[in-house]
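Descriptive structure summary
The primary structure of each chain is shown beneath.
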Amino acid sequence: MANDEIHPVGTLKPDDVDVRTGLTADQVARRRAEGKTNDVPGRASRSVREIVRANVFTRINAILGVLLVIVLSTGSIIDGMFGLLIIANSAIGIIQETRAKRTLDQLAIVSQSQPVVRRDGATTALAPSEVVLDDVIELGAGDQIVVDGEVVEGELLEIDESLLTGEADPVHKQPGDQVLSGSFVASGSGAYRATKVGRDAYAAQLAAEASKFTLVHSELRSGVDRILKVITYMMVPAGALIIYNQLFVSEQDLGGALNGMVAALVPMVPEGLVLMTSLAFAVGVIRLGRRQCLVQELPAIEGLARVDVVCADKTGTLTENGMRLSELRLLTPDDPAGSPSRLQAALAAMAADDPRPNASVLAIAEAYEDDPGWTSTGVAPFSSAKKWSGISYGANGNWFLGAPDVLLDPDSDAARTAEEIGATGLRVLLLGEGDVAVDDDAAPGNLTARALVVLEQRVRPDAADTLAYFAEQKVEVKVISGDNAVSVGAVAGSLGLPGGDHAVDARGLPEDRDALADVLASETTFGRVRPDQKRAMVGALQSRGHTVAMTGDGVNDVLALKDADIGVSMGSGSPATRAVAQIVLLDNKFATLPYVVGEGRRVIGNIERVSNLFLTKTVYSVLLALLVGLSGVASELFDFEPMPYPFLPRHVTIAAWFTIGIPAFILSLAPNNERARTGFVPRVMRFAIPSGLVIGIATFVSYALVYAGPDQTETQQIQAGTTALITLITIALWVLAIVARPYVWWKIVLIAGSVAGYVVLFSVPFCREFFKLDPSNVAATTTAFVCGGVGIVLVELGWWVSGRLHGEKRQLFSLPEQPGEATRETVS
């Protein structure tokens, strides 16, 4: 290694710090005692206290808490059963999110980058939290800078600060220059002394600001929050109207009026919607954690469900990381300077002198272990931009190792030979000898091609199945690699990727975004892609409305990972890639990605399903309260008998048990492979509003038909309320049946079990007495079922018409699907 730029600079350090040996154990202990440590909390999850506070002090719990106090003040403890929802919502949310936190924290420790620190003359990889002020930290390509500091050693050290400043070009750093945490090493090597640690570091200050916002947009959560705000505003006039009707028009006592108001307001609250959303996200995190997948930002699970394009690198994604030297093909065998022994010595020296060898150099080092002991006089680290690296060894020559199609004349015999070898899927590097030093501005100068270094890459055995899965799921895969286009095409073609057999050389791609998007629309495989081009390709795909996931493991992938909708890093990738990615595949398996995408789809699809149930209940509850309230106002104007609210709070509690509560919990955890689409709120409301209107009107009509007037007996009032409840439950069960489509055996069992639950409640004497139910009036019960039947037809027609208007294939009264059978007659 050249050392002309390595300087122990005394002016950069305190007197007691030797930058060559680092801090002593006593110095480290003293700094820890003084609190000069890097005590920045990880971003993987929030604290237990924050989890408890977030799950207890919610808008829904506040609403239900106020209503519970009102009911308990009337002395009716049984009617306050809905208060158990507060405990259930909080407890389940806290338990699941705590489990998810534990999973995330354990995975985050595994994924955490470990800076190499000099202490007591030795180098040790430590957790970032163990770094103290004045620690000397070594740097190599791909390393992330974990604390602010000053460079004390630098060998062609280039720092990429794009994540902090937005400037894409790496900045050359010399001893004495400042480096900021959050940046990473683009090329070269060196060391720096920590000058700011913990919350004083630049990246920590940025993170404190950024933590106020969700880094990944969640349409689901923002949609649910918007719905809850609207419901809160609607409850005020609805509650006032019900109180007026119960207390002043129907002239009930205060306790009865308050019970009626609470019974009207409680079902308006979609109490389980937020719970199911949190539960689905938390369970998703735990499931992915079992597959060694770290989700660094929870809303990323939702983003995965919307992905329709996956941009994948070849090396480390389609192929395994490790490589093996297959052949050293001599290009100047008759020249003594190109003898096998001299070329092997040059390769062994270059491999031994590389402080941070990549997979190619490791394969060379494994093949040629005998280091000749040459002394380096100049170093040019590898960079993705120039596609070569080099080391000068004085009288032993200036050696370059890099891409043949970059270093060679494309019309030369050597270039054609390299392309022919690459076309078989092998990786080819050129070993050349130049007439200028590798760190000269004119490098590589006049290059003599000495040999082709042929490396064998093993295609991942599960790569073909993974690509087939994405094709089946209508997710496009774009292979974007910095390797030779012919080699990339050979690998992609062998895996059956459409278009893989004619890879595009990115050096000829247009710079205009629209023109680039046109190429991306028709081609799937690209080679010789520069880091800035990867970023441009992600942007071009996004400009055409695609949701893009980018996978990568190298420094050259960082910018594209950062700009993609979802960044996916391999666990063995550079610390910089792991830092910017929302998903880290700790097992380094591309085959894990289908499970990740599938989990995202399961979460978002199931939350949309259960949202249909909860919001249908909200709509019919608001409508029923308004109809009853307005009937009271109309009775004052047109002189007819007013009707009190038909239900007690206990009635609305049991109405939700088997139509929403238990089914929603099961459906939220069920398999679901449908790709998520934008427009969550409009799509849910297109189903919930018509269904809720039908249930609300049918329930009110059945109640009005059997209501016997203000002089009715208590038995008649119970029978009238039971009639309305049977109508409501009948139609609500059909809504559940629609939401559960397409049917499989367990969904049929779920619906049958819900029906059986209500049969038990209405037939067992103790349940009838406890819940004040009386279906014994045959005429009233018949009216309930007739109104329910009409409601079922109207709900089904509304669902069919909505699908027809929005281009969705739906069938009326759909039957269970048979395995392997095509969908039955559909309408579109």
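Please refer to the structure higher up on the page.
The rules behind the values
Residues numbered from 1 in each chain as written. Predicted model: local features only at pLDDT ≥ 70, side-chain atom pairs only at ≥ 80, totals over all residues. Heavy atoms only, no water. Helix = DSSP H or I, 4+ residues; strand = E, 2+ residues; numbered from the N terminus. Areas by Shrake-Rupley, 256 points an atom, 1.4 Å probe, with all protein chains shown as cover. Pairing = 2+ DSSP bridges. Contact = heavy atoms within 4.5 Å. Axes fitted to C-alpha atoms, helices over the stretch in contact; angles between N-to-C directions. Patch = residues over 30% accessible without salt bridge, like charges linked within 9 Å, V, L, I, M, F, W, Y side chains within 5 Å. Salt bridge = Lys/Arg side-chain N within 4 Å of Asp/Glu carboxyl O. Lys, Arg positive; Asp, Glu negative; His and termini not counted. Charge placed at Lys NZ, Arg CZ, Asp CG, Glu CD. Buried < 20%, exposed > 50% of the residue type's maximum accessible area, 1.4 Å probe, protein only. Parallel < 35°, antiparallel > 145°, perpendicular 65-115°, else oblique. Nonpolar A, V, L, I, M, F, W, Y, C, P; charged D, E, K, R; others polar. Phe/Tyr/Trp six-rings, centres within 6.5 Å; stacked < 30°, edge-to-face > 60°. Lys NZ or Arg CZ within 6 Å of the ring centre and 35° of its normal.

Quick look at the overall build of the protein chain now. Helix and strand content of the protein chain: 28 helices and 21 strands. For the protein chain, the computed accessible surface area is about 34300 Å², with 57% contributed by carbon and sulfur atoms.

Looking now at the sheet that holds strand 9 (residues 309-312). The eight strands lie next to each other as 8-21-20-19-9-16-18-17, forming an open sheet whose pairing is mixed. In this open sheet, the two strands that pair with only one neighbour each are strand 8 (293-295) and strand 17 (504-505). In terms of strand pairing, strand 19 (residues 548-552) meets strand 20 (residues 566-570) through four bridges, oriented parallel. Residue pairing in the sheet places Thr551 in a bridge with Val568 of strand 20. Helix-sheet contacts for helix 17 (residues 485-494) involve strand 16 (476-480), strand 17 and strand 18 (525-527), and the interaxial angle to strand 18 is about 150°. Across the sheet, helix 19 (residues 531-543) lies against strand 9, strand 16, strand 18 and strand 19, angled at about 160° from strand 19, the strand it touches most.

Let us look at a negative patch on the surface. Together, Glu366, Glu369, Asp370 and Asp371 make up a negatively charged patch on the protein surface. Counting through the fold element by element, Asp370 comes out in the loop between helix 13 (359-367) and strand 11 (378-380).

Okay, the pairing of strand 13 (residues 398-402) next. Burial within strand 13 is extensive, with five of its five residues counted as buried. Along strand 13, one buried face is formed by Asn398, Phe400 and Gly402 and the opposite face, lined by Trp399 and Leu401, is buried too. Judged from the five bridges that link them, strand 12 (residues 388-392) and strand 13 form a sheet pairing that is antiparallel. Counterpart to Ser392 in the pairing with strand 13 is Asn398. Turn length for the strand 12-strand 13 hairpin, with the two strands adjacent in sequence and antiparallel, is five residues, and the turn residue Gly394 shows positive phi of about 60°. Of the strand pairs in this sheet, strand 13 and strand 14 (residues 427-434) are connected by five bridges, and their pairing is antiparallel. Of the residues in strand 14, the one forming a bridge with Phe400 is Gly432.

Here we come to the packing of helix 18 (residues 513-522) against helix 19. Interhelical geometry of helix 18 versus helix 19 gives an angle of 85° and a closest axis separation of 9 Å. The angle between helix 18 and helix 19 places the two elements in the roughly perpendicular class. Each of Arg513, Leu516, Ala517 and Leu520 in helix 18 lies in contact with helix 19, whose residues at this interface are Ala536, Met537, Gly539, Ala540, Leu541 and Ser543. Among the residues forming the contact of helix 18 with helix 19, the class breakdown is seven nonpolar, two polar and one charged.

Looking at the element boundaries, Gly402 is found in strand 13. Note: C-alpha distance between Gly402 and Val453 (51 residues apart in sequence) is 9.6 Å. If we ignore the near neighbours within four places in the chain, the residues touching Gly402 are Lys387, Trp388, Leu407, Leu429 and Leu430.

Attention now goes to the packing of aromatic side chains. Applying the stated rule across the entire model yields 10 aromatic pairs. Taking the centre distance of 6.3 Å and the plane angle of 45° together, the rings of Phe470 and Phe590 count as tilted. Of this pair, Phe470 sits in helix 16 (residues 463-472) while Phe590 sits in the loop between strand 21 (583-585) and helix 22 (592-638); the two residues are 120 residues apart in sequence, bridging distant segments of the chain. Between Tyr703 and Tyr707 the ring centres are 5.7 Å apart and the planes differ by 45°, which places this aromatic pair in the tilted class. Residue classification places Tyr703 among the buried residues on the basis of a relative accessible area of 1%. By relative accessible area, Tyr707 is classed as buried at 14%. By the ring-pair criterion, three or more aromatic residues cluster together here, those being Trp657, Phe658, Tyr758, Phe766, Phe770 and Phe771. Over the aromatic face of Tyr595 sits the side chain of Arg291, whose NZ or CZ is 3.5 Å from the ring centroid.

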